[in-house]
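# Descriptive structure summary
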Amino acid sequence: MRILAIETSCDETAIALLEITGGLEKPEIKVLGNTLLSQMHLHEKYGGVFPTLAKREHQKNLPVLLEEITKDHPQIASEIDFIAVTSGPGLEPALWTGIAFAEDLGKRWSKPVVPVNHMKGHIYSVLYKLESNPKSEASNPKLELPALALLVSGGHTELVHVKDFGNYEIMGRTRDDAVGEAFDKTARMLGLPYPGGPRISALAESSRQKGKEDKIKLPRPMFHSGDLDFSFSGLKTAVLYRLKENGELNDEIREDMARAFEDSAVEVLVEKTRRALLSLGDEVKTFIVAGGVSANTHLVRELRKLESEFSNIKLLIPTKLLTTDNAIMIGIAGFVEVEKNPRILESKKAIEADGNLSISSTQ
Ligand code: KG4
Ligand code: ZN
């Protein structure tokens, strides 16, 4: 199956061309083209993504990226089987830009367009390993279902029971801020540029490498809530109060606070994942962590420790390049949709953007 995939849900414009053979059990994924333009620097001064600016940039970037792909694949219009495009969740003006572009291409090339849930893209990103030798057995990892997925990004924090390809149940979710958002807001309070996740992570790692104690004690929100939900806005407020108490910001306070914040956020994420795994018991064979925050070194280290507590459950993590938003994962999720339900290729329904699209909805 040859797929052209388009992603414009947030501040990354991305187009990829994939060839996927084999079935859902053991897909062989080849990336024939991968392009991405990040607008991160443009949004930096707003401390977050500004929707109308994102839309304008996507409109400008999409033809440039398609040109880059078609340069190496001049017959693309006849070679592909379908176009996959993100339809939600995300920023609606940004999503509509990708959808309009995909539908226009679909009409011109007489190819079906398949809507893809961005969060399913994050989940199925674990099916591809960039650095492995494509000839070796261990090339693309096998995803054994049912699985538990911890989805951690700028807009989402969810524990999802992936019962089957196409059958998802949300077991827990954030009641306010997403964890990536909390990383970004904390970074902003510390005077660090957007996106703050990687900067907080670097400072916290530096504190650990120096063998420092976690000096500032921050709360572990929802730790004893008795359910699998999260809350990160209180943690952010606790950071604000602690900073006020400390007075003038300096490098030492930045490092200590980044460490305290990361320790708290990661501890809660890992503990709720542990409880979800315990409640599912033998039902799951795999657990996945995906989304932008899965690039976090400390989170991955702690989840590896959690993996070692369970003898029969394997942890799957996306390859570094696929942790943050990209079009490869949208192509893979599009492949999953079509394998599950080939008739989707005959659908004549217009695709609609849905900023709040849930993973448990049927699209
Ligand atoms: O999945 P993603 O690229 O976009 C959304 O769909 O939201 O996630 C972006 C989020 C940002 O909040 C960013 O700060 C966070 O992922 N992030 C990290 C790290 N790298 C990216 N958070 C913590 N540690 C990191 N190393
Ligand atoms: Zn994302």
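Above this text is the structure in question.
Residues numbered from 1 in each chain as written. Chains lettered and ligands numbered in written order. Predicted model: local features only at pLDDT ≥ 70, side-chain atom pairs only at ≥ 80, totals over all residues. Heavy atoms only, no water.

## Here we look at the sheet that holds strand β10 (residues 314-316)
Across the sheet, which stays open at both edges, the five strands sit in the order β8-β7-β6-β9-β10 with mixed pairing between neighbours. Looking at the sheet topology across the chains shown, the edges are occupied by β8 (167-173) and β10. With direction set aside, neighbouring strand axes in the sheet form an average angle of 20°. Relative to β10, strand β9 (residues 286-290) runs parallel, the two being bridged by three bridges. Note that in β10 the partner of I288 across the bridge is L316. Against the sheet, helix α10 (residues 297-309) makes contact with β6 (147-152), β9 and β10, and its axis sits at roughly 175° relative to β9, the strand it touches most. (Pairing = 2+ DSSP bridges. Helix = DSSP H or I, 4+ residues; strand = E, 2+ residues; numbered from the N terminus. Axes fitted to C-alpha atoms, helices over the stretch in contact; angles between N-to-C directions. Contact = heavy atoms within 4.5 Å.)

## Quick word on the layout of surface pockets
Approximately 1,200 Å³ is the volume attributed to the largest pocket. Together, 45 residues line the largest pocket, and C10, S153, G154, G155 and D184 are the ones closest to its centre. Breaking the lining of the largest pocket down by element, the ones donating at least two residues are α5 (118-124), α6 (179-189) and α7 (197-209). Of the residues in the lining of the largest pocket, the class split is 14 nonpolar, 21 polar and 10 charged. (1 Å grid on protein atoms, 1.4 Å probe; cavity = no way out; pocket = protein on both sides within 12 Å on 5 of 7 lines; lining within 4 Å. Points joined across faces, edges and corners; volume = space filled by probe spheres on them. Nonpolar A, V, L, I, M, F, W, Y, C, P; charged D, E, K, R; others polar.)

## Focus on the site of ligand 1
Lining the immediate surroundings of ligand 1 are 19 residues, of which G154, D184, G292, N296 and D325 lie closest. Within the contact set of ligand 1, a nitrogen atom lies 3.0 Å away from a side-chain nitrogen or oxygen of N296. Burial of ligand 1 by the protein chains amounts to 89% of its free accessible area of 560 Å². Using a 2 Å cut-off from the grid points, one finds that ligand 1 occupies the largest pocket. Only α5, α6 and α7 provide two or more residues apiece to the shell around ligand 1. Considering only residue class, the shell around ligand 1 consists of five nonpolar, 12 polar and two charged. (Near = heavy atom within 4 Å. Polar contact = N/O pair within 3.5 Å; in protein donor to acceptor, adjacent residues only side chain to side chain. Areas by Shrake-Rupley, 256 points an atom, 1.4 Å probe, with all protein chains shown as cover. Sits in = over half its atoms within 2 Å of the grid points.)

## Overview of the coordination of the zinc ion (ligand 2)
In ideal tetrahedral geometry, four donors around a metal make angles of 109.5 degrees, whereas ideal octahedral geometry with six donors gives angles of 90 or 180 degrees. H118 (NE2), H122 (NE2) and D325 (OD) make up the full set of protein donors to the zinc ion (ligand 2), lying at 2.0 to 2.2 Å. Within one chain, the residues donating to the zinc ion (ligand 2) are spaced in sequence as H-x3-H-x202-D. Of the two residues, H118 sits in helix α5 while D325 sits in the loop between β10 and α11 (328-340), which places them 207 residues apart along the sequence. By relative accessible area, which is 5% here, H118 ends up buried. (Donors = N, O, S within 2.8 Å, 3.2 Å for Na, K, Ca; no water. Buried < 20%, exposed > 50% of the residue type's maximum accessible area, 1.4 Å probe, protein only.)

## Description of the pattern of salt bridges
In the structure shown here, the tally under the stated rule is 31 salt bridges. The salt bridge partner of D177 is K236, with a shortest N-O separation of 3.0 Å. With a gap of 59 residues between them, D177 in the loop between β8 and α6 and K236 in helix α8 (residues 233-246) connect regions that are remote in the sequence. Considered together, D177 and K236 belong to a single accessibility category, that of buried residues. Here E255 and K210 are joined by a salt bridge, their closest N and O atoms 2.9 Å apart. Remark: K210 occurs in the loop between α7 and α8 and E255 occurs in helix α9 (residues 251-280); sequence separation between them is 45 residues. Its relative accessible area of 7% is what places E255 among the buried residues. Here K210 falls in the exposed class, since its relative accessible area comes to 54%. (Salt bridge = Lys/Arg side-chain N within 4 Å of Asp/Glu carboxyl O.)

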